[in-house]
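Architecture at a glance
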Amino acid sequence: ACTGIENIDEAITLLEQNNWDLVAAINGVIPQENGILQSEYGVETLHGPAYGPTSHSAAASSAPSSSSAFRHVVPSRQIVERQPRMLDFRVEYRDRNVDVVLEDSSSVGDIKNILENELQIPASKMLLKGWKTGDVDDSTVLKSLHLPKNNSLYVLTPDLPPPSSSHSGALQESLNQNFMLIVTHREVQREYNLNFSGSSTIQEVKRNVYDLTSIPVRHQLWEGWPPSATDDSMTLAVSGLTFPCHRLTVGRRSSPVQTREQSEEQCTDVHMVSDSDGDDFEDATEFGVDDGEMFGVASSALRKSPMMPENAENEGDALLQFTAEFSSRYGDCHPVYFIGSLEAAFQEAFYGKARDRKLLAIYLHHDESVLTNVFCSQMLCAESIVSYLSQNFITWAWDMTKEANRARFLTMCTRHFGSVVAQTIRTQKTDQFPLFLIIMGKRSSNEVLNVIQGNTTVDELMMRLMAAMEIFSAQQQEDIKDEDEREARENVKREQDEAYRISLEADRAKREAQEREMAEQFRLEQIRKEQEEEREAIRLSLEQSLPPEPKEESTESVSKLRIRTPSGEFFERRFLASSKLQVVFDFVASKGYPWEEYKLLGTFPRRDVTQLDPNKSLLEVKLYPQETLFLEAKE
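Residues numbered from 1 in each chain as written. Predicted model: local features only at pLDDT ≥ 70, side-chain atom pairs only at ≥ 80, totals over all residues. Heavy atoms only, no water.

As named in an unreviewed UniProt entry, the protein chain is FAF1 factor, taken from Illadopsis cleaveri.

1. What to know about the pattern of salt bridges
Side chains that differ in sign of charge can pair as their charged atoms come close. Counted according to the given criterion, the structure contains 32 salt bridges. Salt-bridge contacts for E536 lead to R539; the nearest nitrogen and oxygen are separated by 2.6 Å. Of this pair, E536 and R539 both sit in helix α15 (residues 458-545), three residues apart, which is roughly one turn of that helix. The exposure class assigned to E536 is partly exposed, which follows from its relative accessible area of 34%. Counted as one network, the salt bridges with shared partners bring together R90, D99 and D231. (Salt bridge = Lys/Arg side-chain N within 4 Å of Asp/Glu carboxyl O. Helix = DSSP H or I, 4+ residues; strand = E, 2+ residues; numbered from the N terminus. Buried < 20%, exposed > 50% of the residue type's maximum accessible area, 1.4 Å probe, protein only.)

2. Points about the side chain of S199
With respect to the helices and strands, S199 occurs in the loop between β8 (190-197) and α6 (202-213). By relative accessible area, S199 is classed as buried at 10%. Within polar-contact distance, the side chain of S199 engages the side chain of S197 at 3.1 Å. Once residues lying within four places of it in the same chain are set aside, the contact partners of S199 are Y154, L175 and T235. (Polar contact = N/O pair within 3.5 Å; in protein donor to acceptor, adjacent residues only side chain to side chain. Contact = heavy atoms within 4.5 Å.)

3. With respect to unusual backbone geometry
The residue after F243, namely P244, is reached through a cis peptide bond having omega 5°. Structurally, the position occupied by P244 is in the loop between β9 (220-223) and β10 (245-252). Each neighbour pair has its own omega, and for Y624 with P625 the value is 5°, a cis peptide bond. Mapped onto the elements, P625 comes out in the loop between β20 (607-608) and β21 (626-633). Not every positive phi belongs to a glycine, and W20 is a case in point at roughly 60°. Residue K622 is not a glycine yet carries a positive backbone phi of 65°. Tracing the backbone through its elements, the reader meets K622 in the loop between β20 and β21.

4. Examining helix α2 (residues 22-29)
Turning to α2, its buried residues number three or more, namely V23, A25, I26, N27 and V29. Capping of α2 at its N-terminal end is provided by D21; its side-chain oxygen lies 3.2 Å from the backbone amide nitrogen of V23.

5. Description of the sheet that holds strand β7 (residues 178-185)
In space, the four strands of this open sheet follow the order β8-β7-β10-β9, with mixed pairing throughout. The outermost strands of the open sheet, each flanked by one partner alone, are β8 and β9. On average, each strand axis in the sheet is inclined to that of its neighbour by 30°, with strand direction left out of account. Bridge analysis of β9 against β10 gives four bridges, and the strand direction is antiparallel. Pairing of E223 across the sheet is with T249, part of β10. (Pairing = 2+ DSSP bridges. Axes fitted to C-alpha atoms, helices over the stretch in contact; angles between N-to-C directions.)

6. Details of the packing of aromatic side chains
For the structure shown, the criterion picks out 21 aromatic pairs. Residues W396 and F409 carry aromatic rings whose centres are separated by 6.4 Å and whose planes lie at 20° to one another, so their mutual orientation is stacked. Taken as a pair, W396 in strand β14 (residues 393-399) and F409 in helix α13 (residues 403-417) lie far apart in primary sequence, 13 residues in all. Each member of the pair W396 and F409 is classed as buried. Geometrically, the ring pair formed by F571 and F587 is edge-to-face, given 5.5 Å between the ring centres and 70° between the ring planes. (Phe/Tyr/Trp six-rings, centres within 6.5 Å; stacked < 30°, edge-to-face > 60°.)

7. Concerning the packing of helix α10 (residues 342-350) against α13
Look at α10 against α13: their axes get within 11 Å of each other, and the N-to-C directions meet at 40°. As judged from the angle between their axes, α10 and α13 are oblique. Contact residues: α10 offers L342, E343 and F346, while α13 offers M412, R415, H416 and F417. Looking at side-chain class alone, the contact of α10 with α13 contains four nonpolar, one polar and two charged residues. (Parallel < 35°, antiparallel > 145°, perpendicular 65-115°, else oblique. Nonpolar A, V, L, I, M, F, W, Y, C, P; charged D, E, K, R; others polar.)

8. Re the packing of α15 against helix α16 (residues 581-590)
Between α15 and α16, the shortest axis-to-axis distance is 8 Å and the interhelical angle comes to 135°. Viewed along their axes, α15 and α16 adopt a mutual orientation that is oblique. Of the two possible hands of crossing, α15 and α16 adopt the one that is left-handed. Residues R539, L542 and E543 of α15 form the contact with α16, whose participating residues are D586, A589 and S590. Among the residues making up the contact of α15 with α16, the classes are represented as two nonpolar, one polar and three charged. (Left-handed = near helix turned anticlockwise from the far one by under 90°.)

9. So, the side chain of E483
Its place among the elements puts E483 in helix α15. By relative accessible area, which is 8% here, E483 ends up buried. Of note is the side chain of E483, whose polar atom sits 3.2 Å from the backbone nitrogen of A354. Ignoring sequence-local partners within four residues, the contact set of E483 consists of K353, A354, R355 and R357.

Quick look at the structure:
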């Protein structure tokens, strides 16, 4: 804008010749009478009207004058011969690292040729990975990739057999494995589960975490990396991570303000973010240039990337770009923007437990407003505002610059807040932006507590945030009280329900036990009855099968037996002496004493008659002419 140089390579060459001193580079191509003078800490312009872009013809036709601060002076610009730009590459292959230094006019194939001599691997078998751009082939010129000075690459050889050593085989296997990194963002207590291949580098992990947390790589403070992970260019496979999952914690490192010399040392490429630290460039204020204007040109005119893509399908992706672009414009000290849809922000802020709820702050950005740069850099990025917002608010953002994005937000606003709020935002003029909406969730609706316009101060902004917080705190205490009472009622009800359930279980168990006992008693009674009926049938059968009792005056020999029962009763009967002992057993069984359960004992001498042969006669077993026997139950 100041020098008319549009060629990136020429601009980089000029900056390298001046040791990346921006002011010296500009003074080198603009005559001193039309240029800028460097003071001790910043930049001073000659007295005169602010610079405005003019055509080359207009600049050439206007006469030189000291009142004109800047003019298009391309014809008088010094002609600079471009010196070759050298690029450093560290290439990792298995357990080796090869350093390659080439001019940016070389091609990717030139790197492979050097590696072919160093690694003794055919260039046609190499896959050179680690490029941060799209498709790269051997004919690609390095200059077209806009690479930083220092780069890290790695070589894969899928067509070559693995080395014979077990260590190299294990390394190749680790490169093909996927690692799950569980990264906890310390400040917001949020956890991310990230999958990386073993061939990914630690630097790639840190860059991805920067996209999620908005913490630049150089400001990231890590916990959990293994002691062996000493180099960001190291792959995860050789870093010593726990497979398959490894836990890490990241936070923001508090760092002092850098000096100008430190800033110059950290810059490695003006065209893209440095691969060595993954961070955005320092604000122009470090060179004494106001954030709103640089050499009289509005900063919005210098920025190419919009805050948010137009017609973005996914709100989360749009917010990721918004956060990254906001960091690159206004620095890393800014509110932590919620990444997700507006509905998800509502869920996060309003629908948790009453003690965990927060206010929702919606930041509406507009690039065409003259207040935007001042509001963002001096108020929204003030440490006191950032700290207060992070503690008490969920902050969600949207870019209203593009008409499609504006219409989309107004539709969301109508759906969630009603047509009145949507109409209020619709009638806001461009110069009244940016807007800061403070939303409080209620039981039935979401209430807009405050709409803060861009023409405010840090103190006024803090006072209005605190006023909204007081209203929210009062409502939150009522919600906490109601929630505690509701939980107490629910706990009592749960305890009563549990006691009732236990009582029902006990009653059912008792009833089932009684039913089982009655069923068992009934079953035993049936068995007993069946056994008694069976015994009675046997008894009657034996009684009927007994021979008739002989009379006393019988002429045959008669044996008179007197039998005593276990209960002390006696019964007598006459038997023929020639009758078998089995007849006596049958007689005793007919009285209800089967010989299987009882034994028949003699007195003198004491003997167990049931052990005798039942087929012998009474005479043979000496139960003649009379005998007294007694019954005894068997064990």
